[in-house]
Amino acid sequence: MKTIGWKELVDFTDFDILDVPAKIDTGAKTSVLHCDHIELIKKGRKQFVKFIPLSEGSSTGKFFTLPFHKERKIKNSFGLEENRYIIHTQIKMFGETHGIEISLRDRSNMEFPVLLGRSFIRKKFLVDVSRSNLSSKRTSVKK
C-alpha cells in the first residue's frame, strides 16, 4: 500500500487537467471536485451531469457531460446537509489511474479544489499527516 501525505497533487485524466491540489480528508466519506455551472440534463431517457471542472486557474474552461451516477445528501464543512450530484471519473496518482466516485460542488471559497475522502482512500493508501505531495515526487530508478 502506498503512503500519501495530508495534501497531494492529482491528475484528472478524463478532463486533461494535471497537478490539481487535493486535500486528504479522512473525516469526509465522499470525495469532492470544484466545478461551476453544474446541471442535470436529460438526453433521451438517460440523465447526465453537465459542468465545468476546476473552473478557476487550472481549468480548460470546457463543459463536460458525464453520466449521472446518483444524487446524495452530504454534510458540508458547516455540518449542513446538501444534495450533490455524484459522477464516476478517473484520477492519476503515483503514475497509476484509479476510478473515483466524486461529488460536484462550487468550492471557489475553499483553499483546495479537491477533497479526497475515505471511500477513495480506503484499501489504496496509508495517510502520513506529517508529509505532503508524496505522489508527485519523482524517485530515481535504480538499475
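Undergrad: Describe the overall build of the protein chain, and please don't skip the residues or the numbers.
TA: In terms of regular secondary structure, the protein chain is built from 1 helix and 11 strands. Taking 15 Å as the expected radius of gyration for a compact globule of 143 residues, we find that the protein chain reaches 15 Å, a close match to that expectation. When its C-alpha atoms are laid out on the principal axes, the protein chain stretches across 55 × 35 × 30 Å. The buried share of the protein chain, taken over its 143 residues, is 38%. Total accessible area computed for the protein chain in this model is approximately 8,700 Å², and 47% of it derives from carbon and sulfur atoms. Considering the protein chain, the positive charge centre built from 27 side chains and the negative charge centre built from 17 side chains are found 6 Å apart.

Undergrad: Please provide a residue-by-residue account of a nonpolar patch on the surface, values included.
TA: Together, Trp6, Val127 and Val129 give the surface a local cluster of nonpolar side chains, amounting to about 260 Å² of exposed area. Position of Val129 relative to the elements: it lies in the segment after β11 (125-127). A relative accessible area of 66% places Val129 in the exposed class.

Undergrad: Tell me about a positive patch on the surface, and name the residues and values.
TA: Together, Lys29, Arg118, Arg122 and Lys123 give the surface a local cluster of positive charge. Tracing the backbone through its elements, the reader meets Arg118 in helix α1 (residues 118-121).

Undergrad: Help me get a handle on the packing of aromatic side chains, residues and values and all.
TA: The geometry of two aromatic rings is summed up by the distance between their centres and the angle between their planes. Going through the model one piece at a time under the given rule, you end up with 7 aromatic pairs. Between Phe15 and Phe51, the aromatic rings sit 5.7 Å apart at their centres with planes inclined by 90°, giving edge-to-face as the arrangement. Remark: Phe51 occurs in strand β5 (residues 46-53) and Phe15 occurs in the loop between β2 (7-12) and β3 (17-25); sequence separation between them is 36 residues. Phe51 matches Phe15 in its accessibility class, with the two residues each being buried.

Undergrad: Describe in detail the pattern of salt bridges, supporting the description with residues and values.
TA: Counted according to the given criterion, the structure contains 5 salt bridges. Residues Arg84 and Glu82 are paired through a salt bridge, measuring 2.8 Å at the closest nitrogen-oxygen approach. On the basis of relative accessible area, Arg84 is assigned to the buried category, the value being 9%. Linking Glu82 and Arg105 is a salt bridge whose minimum nitrogen-to-oxygen distance equals 2.5 Å. Remark: Arg105 occurs in strand β9 (residues 96-105) and Glu82 occurs in strand β8 (residues 81-93); sequence separation between them is 23 residues. Through salt bridges that share partners, Lys70, Arg72 and Glu101 make up one connected network.

Undergrad: With reference to specific residues and values, describe the pairing of β2.
TA: Sheet faces and side chains relate simply in a regular strand, where the side chains alternate between the two faces. With 5 bridges connecting them, β2 and β3 associate as antiparallel partners. Counted as the bridge partner of Glu8 is Ala22 from β3. Here β2 folds back onto β3 in antiparallel fashion, the turn holding 4 residues, of which Asp16 has a positive phi close to 55°.

Undergrad: Account for the side chain of Thr89, naming residues and giving values.
TA: You can see Thr89 is positioned in strand β8. Looking at Thr89, its side chain comes within polar contact range of the side chain of Asp14, at 2.7 Å. Look past the residues within four positions of Thr89 in its chain and what remains in contact with it is Phe12, Asp14, Phe15, His98, Gly99, Ile100 and Ile102.

Undergrad: Help me get a handle on unusual backbone geometry, residues and values and all.
TA: Glycine aside, residues mostly have negative phi, and peptide bonds are mostly found in the trans state. The phi torsion at Lys123 lies on the positive side, around 65°, for a residue other than glycine. Along the polypeptide, Lys123 turns up in the loop between α1 and β11. For Lys123, a relative accessible area of 75% gives the class exposed. A positive phi angle, close to 50°, is found at Asn133, a residue other than glycine. When you line up the elements, Asn133 lands in the segment after β11.

Definitions and cut-offs
- Residues numbered from 1 in each chain as written.
- Predicted model: local features only at pLDDT ≥ 70, side-chain atom pairs only at ≥ 80, totals over all residues.
- Heavy atoms only, no water.
- Helix = DSSP H or I, 4+ residues; strand = E, 2+ residues; numbered from the N terminus.
- Rg over C-alpha atoms; globule rule 2.2 N^0.38 Å.
- Buried < 20%, exposed > 50% of the residue type's maximum accessible area, 1.4 Å probe, protein only.
- Areas by Shrake-Rupley, 256 points an atom, 1.4 Å probe, with all protein chains shown as cover.
- Lys, Arg positive; Asp, Glu negative; His and termini not counted.
- Charge placed at Lys NZ, Arg CZ, Asp CG, Glu CD.
- Patch = residues over 30% accessible without salt bridge, like charges linked within 9 Å, V, L, I, M, F, W, Y side chains within 5 Å.
- Salt bridge = Lys/Arg side-chain N within 4 Å of Asp/Glu carboxyl O.
- Phe/Tyr/Trp six-rings, centres within 6.5 Å; stacked < 30°, edge-to-face > 60°.
- Pairing = 2+ DSSP bridges.
- Polar contact = N/O pair within 3.5 Å; in protein donor to acceptor, adjacent residues only side chain to side chain.
- Contact = heavy atoms within 4.5 Å.

Read these as geometric descriptors, not functional statements.
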